[in-house]
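Notes for the structure review
Okay, here's what each chain looks like letter by letter:
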Amino acid sequence: MPETVNTPLVKFLKWRAKHIPQKRFVLILSIFIGFFTGLVSVALKNTTHFIQDLLQSGFFTKYYNPYYFVFPVIGIIITVLIKKLIRHNVGEGVPSTLFAISRKQGFMRSYRMYGSFITSIFTVGFGGSVGLEGPAVSTGSAIGSNLGRLFHLNFKSRILMISCSTAGAIAAIFNAPIAAIIFTIEIFSLDLTFSSLIPLLMASASGAVTSIFLQGNDYLFHYKYIEPFNVADVPFYLLLGVLTAFASVYFHKIYFTIETYFSKFKSTTARVLVGGLLLGSLIFLIPPLYGEGYETINHLLNGNVQAVIEGSILYDYIEDNWIILLVLLGLVLFKVFATSFTMGAGGVGGVFAPALFIGSSLGFVFSSFVNRLNFINIPTSNFTLVGMAGLMAGVLHAPLTAIFMIAEITGGYELFVPLMLVSAISFLVTRSITPHSIYTEQLAQKGDVLTHDKDHAILTLLSLEKIVETNFKPVHPEMQLGDLVKVVATSRRNLFPVVNQDQQLVGVLTLDDFRHLMFNQAVYTTTTVSQLMSPPPALIEKSEDMNQVMKKFQETGAWNLPVVDQGKYFGFISKSKLFSVYRRKLIEFN
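Source: prediction; values computed, not measured. (Residues numbered from 1 in each chain as written. Predicted model: local features only at pLDDT ≥ 70, side-chain atom pairs only at ≥ 80, totals over all residues. Heavy atoms only, no water.)

Digging into helix α13 (residues 294-301)
In terms of residue burial, α13 counts as a mostly covered element, since 6 of its 8 residues are buried. What α13 keeps buried is the set Y294, T296, I297, N298, L300 and L301. Packed against the buried residues of α13 are α7 (133-150), α8 (155-174), α14 (305-309), α15 (321-345), α16 (352-372) and α17 (380-396). G303, located one to two residues past α13, shows a positive phi value of around 70°. (Buried < 20%, exposed > 50% of the residue type's maximum accessible area, 1.4 Å probe, protein only. Helix = DSSP H or I, 4+ residues; strand = E, 2+ residues; numbered from the N terminus. Contact = heavy atoms within 4.5 Å.)

Here it is in structure tokens:
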């Protein structure tokens, strides 16, 4: 046995194991993670805004309108080049983290600690119509995962470190520590216990404190005032909830349709040029689609419509208030196109900010439309705020996050009732049409999504390849009974897969099928395996998820089921092995 290298890390781990219990160490680590992810989030936001300010000042402002569509293309080209240097697919932030939790035991590659951070700066800074929240979550999650790996934490503690990193990143970006915790619980389906709640609280608070210390205690959105909640406005809030639900479904459908279109491009160059030029053209026609769009949201909150539509080539033709509303409705309809073009072309970002943008625009247009009818007056700023919650609840399938996020980042606690109404309606209607959120849609198709259903979550965490047993001796259909008896004599199992010359499974054979003939040598040459075998009660494809596997065991009542890979024999899964692994994972998960 080689001697263990006594490095400083090994010495520290030995000392920590002896003097600091793991729960206490995890708590200390959560504070550090919150602080560090807070720094990362502040750096990400400030660097991106520095690039945006640079491109909108001095020399560039002289050529703002005619050449503005070029900036997004440049940003995406830089992003793609950086991806090639990294030599890995940076991917989307939250889905990649969810996949790491469900399929990679919470392990994330080290390049994710900087890949999304660097690429998103250029994507969003040069006008990409996406947000920075996804990259911040991806970066923070990778930091938490790799710290968990470094300090040899178990699965449950690694997942907690990823969750703490996410909470710290969101809390720092939005200065909303409570919403950050709820976001982590809703999106990651975290099984909340007292032991996990305290680290989450500490990490979220650390992220928020870091952001406040570096940037001041300032809200992301600014508005003149919020009018008190009026019960007479409830019917309009209910209608807004339905509208935000349909807008969420629209966002979902358009986003994945365009993503599918761009996935068919074999050439990276073609994808960049087509997506970049489409994005640039949209921003050229509708300048508010540039970047995250928080400035536009603030203008809408304060009713400053002129600031939103100025700069557009249509500005000189807009005189009628109804036409202005149609132009603002264009923000709702085309923001998702701008976001999808950005991602499809190769940009890196998140959908959090676009959801807020569309929600605020829809809330403003709806309330302005009602007020134009001159039979009732409803507060535009209130509906603009609540519209953001509706889109967030529908697009992300996170109604509690939507309620507390909008309340915290705006300080608008007076709107809790309408926030609850709109978020609940939007979530319920959207989920009835699109069962999975924009984060989990593709993962759900592969069976890689964790849910709050603990049984389903544990089955998702199980890996089929680690449960398959392969120490079975295959036999051939033409094999005579005499040769079969020789195989039995050297086998430790009483189950035999029957395969043909192409290694395709054609049947199964158990010891009970020929036990009565084993000692009758008279039939050794006249009886073949094909006469004794029987078809399997069901076949398990190697690509199937564990929920499908469990369903087949329940339907057939079998104790063993064969696994095939495109028809070829691969191994067997036994019910006893499956339950044994399930129980171990259940203990680990708790």
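Quick notes on a nonpolar patch on the surface
A cluster of nonpolar side chains, namely F32, F35, F36, L39, F213 and L214, defines an oily patch on the protein surface of about 600 Å² accessible area. Those elements giving two or more residues to the nonpolar patch turn out to be α2 (22-55) and α10 (194-215). Looking at the nonpolar patch element by element, the count peaks at 4 residues for α2. Mapped onto the secondary structure, F213 falls in helix α10. (Patch = residues over 30% accessible without salt bridge, like charges linked within 9 Å, V, L, I, M, F, W, Y side chains within 5 Å. Areas by Shrake-Rupley, 256 points an atom, 1.4 Å probe, with all protein chains shown as cover. Salt bridge = Lys/Arg side-chain N within 4 Å of Asp/Glu carboxyl O.)

Focus on the nonpolar core
Ranked by internal contacts, the top residues of the largest apolar core, which has 121 residues, are F174, L328, L356 and Y439. The element that contributes the greatest number of residues to this core is α8, accounting for 12 residues. (Core = buried A, V, L, I, M, F, W, Y, C linked by side-chain atoms within 4.5 Å.)

Comments concerning the pattern of salt bridges
Going through the model one piece at a time under the given rule, you end up with 2 salt bridges. A salt bridge links E469 to R493; the shortest N-O distance between them is 3.4 Å. Pair noted here: E469 is in the loop between α22 (464-467) and α23 (481-490) and R493 is in the loop between α23 and β1 (495-499), with a separation of 24 residues, a long-range link. We classify E469 as buried; its relative accessible area is 17%. In this structure, D512 and R515 form a salt bridge, with 2.6 Å as the shortest nitrogen-oxygen distance. Residue R515 is classed as partly exposed on the basis of its relative accessible area of 45%.

Concerning the packing of α17 against helix α19 (residues 416-433)
It is at 8 Å that the axes of α17 and α19 come closest, and there the two elements cross at 30°. Considering the angle they form, α17 stands roughly parallel to α19. Seen along the crossing, α17 lies across α19 with a hand that is right-handed. Within the contact between the two elements, α17 uses V386, A389, G390, A393 and G394 and α19 uses P418, L419, V422, S423, S426, F427 and T430. Tallied by class, the residues present in the contact of α17 with α19 amount to 7 nonpolar, 5 polar and no charged. (Axes fitted to C-alpha atoms, helices over the stretch in contact; angles between N-to-C directions. Parallel < 35°, antiparallel > 145°, perpendicular 65-115°, else oblique. Left-handed = near helix turned anticlockwise from the far one by under 90°. Nonpolar A, V, L, I, M, F, W, Y, C, P; charged D, E, K, R; others polar.)

Overview of the sheet that holds strand β5 (residues 568-574)
In a beta sheet, neighbouring strands are held together by backbone hydrogen bonds and run either parallel or antiparallel to one another. The 3 strands lie next to each other as β3-β4-β5, forming an open sheet whose pairing is mixed. Edge strands, defined here as strands with exactly one partner in the open sheet, are β3 (540-541) and β5. Strand contacts of helix α26 (residues 546-556): β3, β4 (560-565) and β5, with the helix running at about 135° to β4, the strand carrying the most contacts. (Pairing = 2+ DSSP bridges.)

A word on the packing of α17 against helix α18 (residues 399-410)
Remark: α17 packs on α18, axes separated minimally by 8 Å, with the N-to-C direction vectors making an angle of 150°. The angle between α17 and α18 places the two elements in the roughly antiparallel class. Read as a crossing pair, α17 and α18 show a hand that is right-handed. Of the residues in α18, those touching α17 at L385, M388, A389, M392 and A393 are P399, T401, A402, M405, I406 and T410. Here the contact of α17 with α18 is built from residues that sort into 9 nonpolar, 2 polar and no charged.

Some points on the confidence of the model for the protein
Taken as a whole, the protein shows an average pLDDT of 83; of its residues, 86% reach a score of 70 or greater. Considering each helix and strand of the protein separately, the mean pLDDT is smallest for helix α3 (residues 64-67), with a value of 51, and largest for α19, with 94. (pLDDT = per-residue confidence, 0-100.)

Focus: the pairing of strand β2 (residues 505-510)
In the sheet, β1 pairs with β2 via 5 bridges, with the strands oriented antiparallel. Each bridged residue has a counterpart across the sheet, and for V498 the counterpart in β2 is G507. Adjacent in sequence and paired antiparallel, β1 and β2 are bridged by 5 residues, among which Q503 carries a positive phi angle near 65°.

Overview of the pairing of β4
Both β3 and β4 contribute to a ladder of 2 bridges, which runs parallel. Bridging from a neighbouring strand, E541 pairs with V564 of β4. Examined bridge by bridge, β4 and β5 share 6 bridges and lie antiparallel to one another. Looking across to β5, one finds that V563 is bridged to G571. Linking two consecutive strands that pair antiparallel, namely β4 and β5, is a turn of 2 residues; a positive phi of about 55° is found at Q566 within it.

A word on the side chain of S120
Mapped onto the secondary structure, S120 falls in helix α6 (residues 115-125). Residue classification places S120 among the buried residues on the basis of a relative accessible area of 0%. Reaching out from S120, the side chain makes a polar contact with the backbone oxygen of F117 at a distance of 3.3 Å. When near neighbours in sequence (up to four residues on either side) are disregarded, S120 contacts L44, G125, L132, P135 and V348. (Polar contact = N/O pair within 3.5 Å; in protein donor to acceptor, adjacent residues only side chain to side chain.)

Considering the packing of aromatic side chains
As enumerated under the stated definition, the model contains 21 aromatic pairs in all. Taking 6.3 Å as the distance between ring centres and 40° as the angle between the ring planes, the aromatic pair formed by F229 and Y237 counts as tilted. A residue is classified by how much of its surface remains accessible, and Y237, at 0% relative accessible area, is buried. Measuring from ring centre to ring centre gives 6.5 Å for F236 and F375, while their planes differ by 40°; the resulting arrangement is tilted. A residue pair is termed long-range when its members are at least 10 positions apart, and F236 in helix α11 (residues 234-263) and F375 in the loop between α16 and α17 qualify at 139 residues. Against the face of F357 rests K335, its NZ or CZ located 4.6 Å from the ring centre. (Phe/Tyr/Trp six-rings, centres within 6.5 Å; stacked < 30°, edge-to-face > 60°. Lys NZ or Arg CZ within 6 Å of the ring centre and 35° of its normal.)

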